[in-house]
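What the coordinates show
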Amino acid sequence: MMDRDQMRAFIAQRVAKELNDGDVVNLGIGLPTLVPNYLPEDVKVTLQSENGIIGVGTVTDENRDARHVVDAGGRPSEVAPGGSFIDSATSFGLIRGGHVDATILGGLEVDAEGSLANWIIPGKMMPGMGGAMDLLIGAKHVIVAMEHTAKGRPKILKKCRLPYTAINCVTKIITEMCVLDVRPEGLVMIEYNPEFSIEEIQAATEAELIISPELKPMC
Amino acid sequence: MMDRDQMRAFIAQRVAKELNDGDVVNLGIGLPTLVPNYLPEDVKVTLQSENGIIGVGTVTDENRDARHVVDAGGRPSEVAPGGSFIDSATSFGLIRGGHVDATILGGLEVDAEGSLANWIIPGKMMPGMGGAMDLLIGAKHVIVAMEHTAKGRPKILKKCRLPYTAINCVTKIITEMCVLDVRPEGLVMIEYNPEFSIEEIQAATEAELIISPELKPMC
Amino acid sequence: MSKFVSIEEAVKLIPDGASIMVGGFMGCGNAHAFIDALSKSGVKDLTLICNDASMPNGPDGGDFYGVAKLVHNKQIKTLIATHVGLNPEVAQQSMIEKTLEVFLIPQGSFAEMIRAHGAGLGGVLTPTGVGTIIEDSPYCLGKQNIEGRDYLLMKPIKADFAIIAGAKIDKAGNVWYKGDSSNFNIVMATAAETVIAEAEEIVEIGEIAPEDVRTSAILVDYVVEGGKYL
Amino acid sequence: MSKFVSIEEAVKLIPDGASIMVGGFMGCGNAHAFIDALSKSGVKDLTLICNDASMPNGPDGGDFYGVAKLVHNKQIKTLIATHVGLNPEVAQQSMIEKTLEVFLIPQGSFAEMIRAHGAGLGGVLTPTGVGTIIEDSPYCLGKQNIEGRDYLLMKPIKADFAIIAGAKIDKAGNVWYKGDSSNFNIVMATAAETVIAEAEEIVEIGEIAPEDVRTSAILVDYVVEGGKYL
């Protein structure tokens, strides 16, 4: 049995296989930020920060300039060589316009229609959606990377119960248990983690899973 | 009686009085380009060229760079010190958004509703409206500067007969005969050229002119 | 009044109850010196239109970074933003004290709605927010299907004042932004009645190439010099 | 295929019947070397989306300036533009020979409609053209009254290819434009399936400051070196 860190690493490693050389990628907070660690040498991606960086670089003591360069979480950031800075209208134009190849983010709930809820829990203070709604409808490939359940309760539902962040937008769900393709007919399991039986995976999932005829082990 | 050049100079001179220090101004082709010659020393305006110059400068043999800098007529142009270059979407954003104080242009026909026709004559090849439709609806002050009649036929009509360039947009009409304010109640003559009688001016105008109680001579 | 004024003169332009757009993202690109002065001015009942409410602490230290000062001093009555989660005083004032009303808008729509006002457009037709509670926002004027896809019609956003901040502003008023501090400053400079721009440094005309100006001098009503104030 | 290709390789990408957006205004900002090669390629039945059809003579001499070459060689079947009056061959082909179909769109709407496609918006709500024959254009999807004012809903415009031209392009593909040659190049780079950018000069990464890049490398599929070709 994997511990939480191993689980997160396992998920990130599998997500990394979804990215192609040259892709422009936006990473949500948390688990998705681990993904670049698992990219093979020959896959170079451009990380985009929706507040205005194309090609996020590495902050060092020397280049740190928090007054002028921050990431989407407000932390000091940097532009990589060959990257550029853009204003917010331009940045979200690129996002909505389909110029971001993939966004990888976590979810509180995701459902069989590819709808996602990850921004508010009613009764709690709304932090705000920031750029999440735009990224979900704009990115060509929306990958939800998350632990399969929350405290044993399914997060992959027939229909989200929390308020949507966006509807019909998710293209793939990757958890420690399986890889699901979101298709018009529903959630198709194309890979599974052999640590779990198909029955165990279905039991941890509220939505009904369609088993791909080409089902194979996650690796 | 003025000859044609004197008439055009007279109109341009009067139009110049409409501009205030600091105004951003777009000039149509022909007569309007004479206007800056008549600005007093203490009135500095920023000339805008809708294809991408804020602050049009003077082309010389030294700075001429027709490959990179042209005006809205496609002629070599230059940026003035303190000016800048902008792309077309930004430029027309400024125009539609009310950031241009005045546009001065000629007209084939202008009417009592402040509508203007100056871009096509049916049956002839349409050259295209270029930026005229945007300038007319966007500029805060739309000044039609033209000769009062064309070959003796009125150009200031009850209603335009040629296809509109824009409707309800003209704020002032300045000709060699008079200055007309376009108001909800119609065309109000606020100044006239004493070379002509009121009756002569009305006779040269199809639209009915309302005589301002403060009517004064053009100067 | 000249275009180049002191921070004190510029702050006096802002009356109680004004709507102000402030450029910046989590404090990056906020007009720090001007906002500090505004936070001490006692001006109140402001509508703040800003991506966020910044953070209680700046990345280089200091209490109440950028617009967080205005929230802390309870000068904001209405906040229109995309994300307020990093400033817990917003939750306190809006949920518990109920002295602050917050409207949340998706970040891309927010930028485009401000641009729309500045560019004279009637609204923004965006797929963002379709099927979500954004459809119920007072800033959403309805849903339209255009050639088979649903879009929300979002209202343009304007303000009495835009407070923008550039690393360099030349003596004509042209602005150049460093890093990603341009963010919302560029659209906001087009969408307010009066634009006040804070320069870290005021430079000679020509130091910013005419191609590299990002906010034209014609949009800027007043320039203040803020230096590297944090 | 690498991003940096020869003009010959790039021209081969364009099939008969393709729609191409070409940046530029009366030839200023046209990709002159690429267009010259395209005009000699025999590719035909193109839909050209360009502000204008340029002019029969360049400002520095030369016959058929920029896109005027494509019109002269009768490679254009459909032209979507804002102004064609400076190229008499357009009238000849559209009115007399009837081999060229021309759609005219107001210049500000044209820029914004291209931007709208590139920015994922459903359309443009503009007051421009209200009450004029633009209301009957196939590019106008109707009139809407929003909060008391009429707007036309104009369709987004896209193309198979965008052909853009920058004074400097760095080795990543970031573009910097000189003078007002940026014009439509900037929006067009966002609105086509494939973007081909002609550089007068290819420069090292870093020569264009990250703040001064006007078209990001992520939008540019291919770069050709055109030099100061006219």
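Residues numbered from 1 in each chain as written. Chains lettered and ligands numbered in written order. Predicted model: local features only at pLDDT ≥ 70, side-chain atom pairs only at ≥ 80, totals over all residues. Heavy atoms only, no water.

Points about the overall build of chain A
- Looking only at helices and strands, one finds four helices and 15 strands in chain A.
- In terms of overall dimensions, chain A has a C-alpha envelope of 50 × 40 × 30 Å along the principal axes.
- Taken over 219 residues, chain A has a buried fraction of 58%.
- Pairs at least 24 apart in sequence give 62% of the contacts found in chain A among residues at least 6 apart.
- Summing over all exposed atoms, chain A offers an accessible surface of approximately 9000 Å²; the carbon and sulfur share of this is 52%.
- Separation between the mean location of the 20 positive side-chain charges and that of the 30 negative ones in chain A comes to 5 Å. (Helix = DSSP H or I, 4+ residues; strand = E, 2+ residues; numbered from the N terminus. Buried < 20%, exposed > 50% of the residue type's maximum accessible area, 1.4 Å probe, protein only. Contact = heavy atoms within 4.5 Å. Areas by Shrake-Rupley, 256 points an atom, 1.4 Å probe, with all protein chains shown as cover. Lys, Arg positive; Asp, Glu negative; His and termini not counted. Charge placed at Lys NZ, Arg CZ, Asp CG, Glu CD.)

So, the nonpolar core
- Among the nonpolar cores identified, the biggest contains 164 residues, and Ile14 of chain C together with Ile14 of chain D are the most heavily contacted of them.
- Those residues in contact with isoleucine 14 of chain C that sit more than four places away from it in its chain are Ile20, Phe34, Leu38, Val43, Leu46, Phe161, Ile163 and Ile196 of chain C. (Core = buried A, V, L, I, M, F, W, Y, C linked by side-chain atoms within 4.5 Å.)

Overview of the interface of chain C and chain A
- Facing 53 residues of chain C, the contacting portion of chain A comprises 41 residues.
- For the pair chain C and chain A, the summed buried surface comes to about 3400 Å²; carbon and sulfur atoms form 61% of the total.
- Of all residues in chain C, the largest losses of buried area upon contact with chain A belong to Phe25, Gln107 and Asp180 of chain C, amounting jointly to 16% of the total for that side.
- Ionic pairing is found between arginine 96 of chain A and glutamate 112 of chain C, a salt bridge with its closest N-O pair at 3.5 Å.
- Counting across the chain C and chain A interface gives 21 residue pairs in polar contact (both at pLDDT 80 or more).
- Among the elements of the structure, α4 (88-96), α5 (107-118) and α6 (185-188) of chain C are those that each provide at least two residues to the side of chain C that touches chain A. (Buried area = accessible area lost by both parts, 1.4 Å probe. Salt bridge = Lys/Arg side-chain N within 4 Å of Asp/Glu carboxyl O. Polar contact = N/O pair within 3.5 Å; in protein donor to acceptor, adjacent residues only side chain to side chain.)

Topic: the pairing of strand β1 (residues 24-27) of chain B
Residue and element names in this part refer to chain B.
- Note that β1 and strand β2 (residues 46-49) share two bridges and pair parallel. Residue pairing across strands places valine 24 opposite threonine 46, the latter belonging to β2.
- Inspection of the sheet shows β1 paired to strand β5 (residues 102-105) by three bridges, in the parallel sense. Paired with valine 25 across the two strands is alanine 102, which belongs to β5. (Pairing = 2+ DSSP bridges.)

Notes on the domain arrangement of chain C
Residues and elements named next belong to chain C.
- As far as domains go, chain C holds domain 1 (7-105 + 157-225) and domain 2 (122-155).
- Between the C-alpha centres of domain 1 and domain 2 the distance comes to 27 Å.
- Taken together, both faces of the contact between domain 1 and domain 2 bury some 390 Å²; the carbon and sulfur share is 75%.
- A per-residue breakdown of the area domain 1 buries against domain 2 is headed by Phe103, Ile105 and Ile157, which together make up 75% of the total.
- Inspection of the domain 1/domain 2 interface yields zero salt bridges.
- The tally of links from domain 1 across to domain 2 stands at zero residue pairs in polar contact (both at pLDDT 80 or more).
- Partitioned by chemical class, the residues of the side of domain 1 that touches domain 2 number five nonpolar, no polar and no charged. (Domains from an automatic or database assignment. Nonpolar A, V, L, I, M, F, W, Y, C, P; charged D, E, K, R; others polar.)

A look at the packing of helix α2 (residues 88-96) of chain A against α5 of chain C
- Viewed as axis vectors pointing N to C, α2 of chain A and α5 of chain C meet at an angle of 125°, and their least axial separation amounts to 9 Å. When the axes of α2 of chain A and α5 of chain C are compared, the pair comes out oblique. α2 of chain A and α5 of chain C meet at a crossing whose hand is left-handed. Taken together, the residues of α5 of chain C that come into contact with α2 of chain A (itself represented by Ser88, Ala89, Phe92 and Arg96 of chain A) are Gln107, Gly108, Ser109, Ala111, Glu112 and Arg115 of chain C.
- Of the residues that constitute the contact of α2 of chain A with α5 of chain C, the class distribution is three nonpolar, four polar and three charged. (Axes fitted to C-alpha atoms, helices over the stretch in contact; angles between N-to-C directions. Parallel < 35°, antiparallel > 145°, perpendicular 65-115°, else oblique. Left-handed = near helix turned anticlockwise from the far one by under 90°.)

Digging into the sheet that holds β5 of chain B
Residue and element names in this part refer to chain B.
- Strands sit in the order β4-β3-β2-β1-β5-β8-β12-β13-β14-β15 across an open sheet of ten strands; the sheet is mixed. The open sheet is flanked by β4 (79-85) and β15 (209-217), the only strands paired with a single partner. In this sheet, adjacent strand axes meet at a mean angle of 25° when their direction is disregarded.
- Relative to strand β14 (residues 186-192), strand β13 (residues 178-183) runs antiparallel, the two sharing six bridges.

Considerations on the interface of chain D and chain A
- Between chain D and chain A, the residue contacts involve 16 residues of the former and 15 residues of the latter.
- The largest contributions to the chain D side of the interface with chain A come from Ala119, Pro210 and Ile218 of chain D, which together make up 39% of the buried area.
- Remark: the boundary between chain D and chain A carries zero salt bridges.
- Inspection of the region where chain D meets chain A yields five residue pairs in polar contact (both at pLDDT 80 or more).

Digging into the side chain of threonine 175 of chain B
Residue and element names in this part refer to chain B.
- Relative to the elements of secondary structure, threonine 175 occurs in the loop between β12 (172-174) and β13.
- Judged by relative accessible area, which is 0%, threonine 175 ranks as buried.
- A polar side-chain atom of threonine 175 sits 2.8 Å from a polar atom in the side chain of histidine 148.
- A distance of 3.0 Å separates a polar atom in the side chain of threonine 175 from the backbone nitrogen of methionine 177.
- If we ignore the near neighbours within four places in the chain, the residues touching threonine 175 are Phe10, Ile11, Met146, Glu147, His148, Ile156 and Met218.

Description of the pattern of salt bridges
Residue and element names in this part refer to chain B.
- Summed over all chains, the structure comprises 47 salt bridges over all chains.
- A salt bridge links glutamate 113 to lysine 159; the nearest nitrogen and oxygen atoms lie 3.1 Å apart. Remark: lysine 159 occurs in the loop between β11 (156-157) and β12 and glutamate 113 occurs in the loop between β6 (109-111) and β7 (116-117); sequence separation between them is 46 residues.
- For glutamate 113, a relative accessible area of 41% translates into the label partly exposed.
- We classify lysine 159 as partly exposed; its relative accessible area is 42%.

Brief notes about the side chain of serine 54 of chain C
Residue and element names in this part refer to chain C.
- Relative to the helices and strands, serine 54 resides in the loop between β2 (46-49) and α3 (68-72).
- At 2.8 Å, the side chain of serine 54 and the backbone oxygen of tyrosine 65 are in polar contact.
- Not counting chain neighbours up to four residues away, the residues in contact with serine 54 comprise Met26, Gly27, Asn30, Tyr65, Val67, Ala68, Leu86 and Asn87.

Some points on α4 of chain C
All names here are of chain C.
- Val90, Gln93 and Ser94 are the residues of α4 that are buried. One side of α4 holds all its buried residues, which, seen down the axis, span an arc of 90°. For α4, exposure combined with an orientation more than 90 degrees from the buried face picks out Pro88 and Ile96.
- In this fold, the buried residues of α4 make contact with α3, β3 (76-81) and β4 (101-104).
- N-capping of α4 is provided by asparagine 87, with a side-chain oxygen placed 3.0 Å from the backbone N of glutamate 89.
- Downstream of α4 by one or two residues, lysine 98 has phi in the positive range, about 55°. (Arc of directions from axis to C-beta.)

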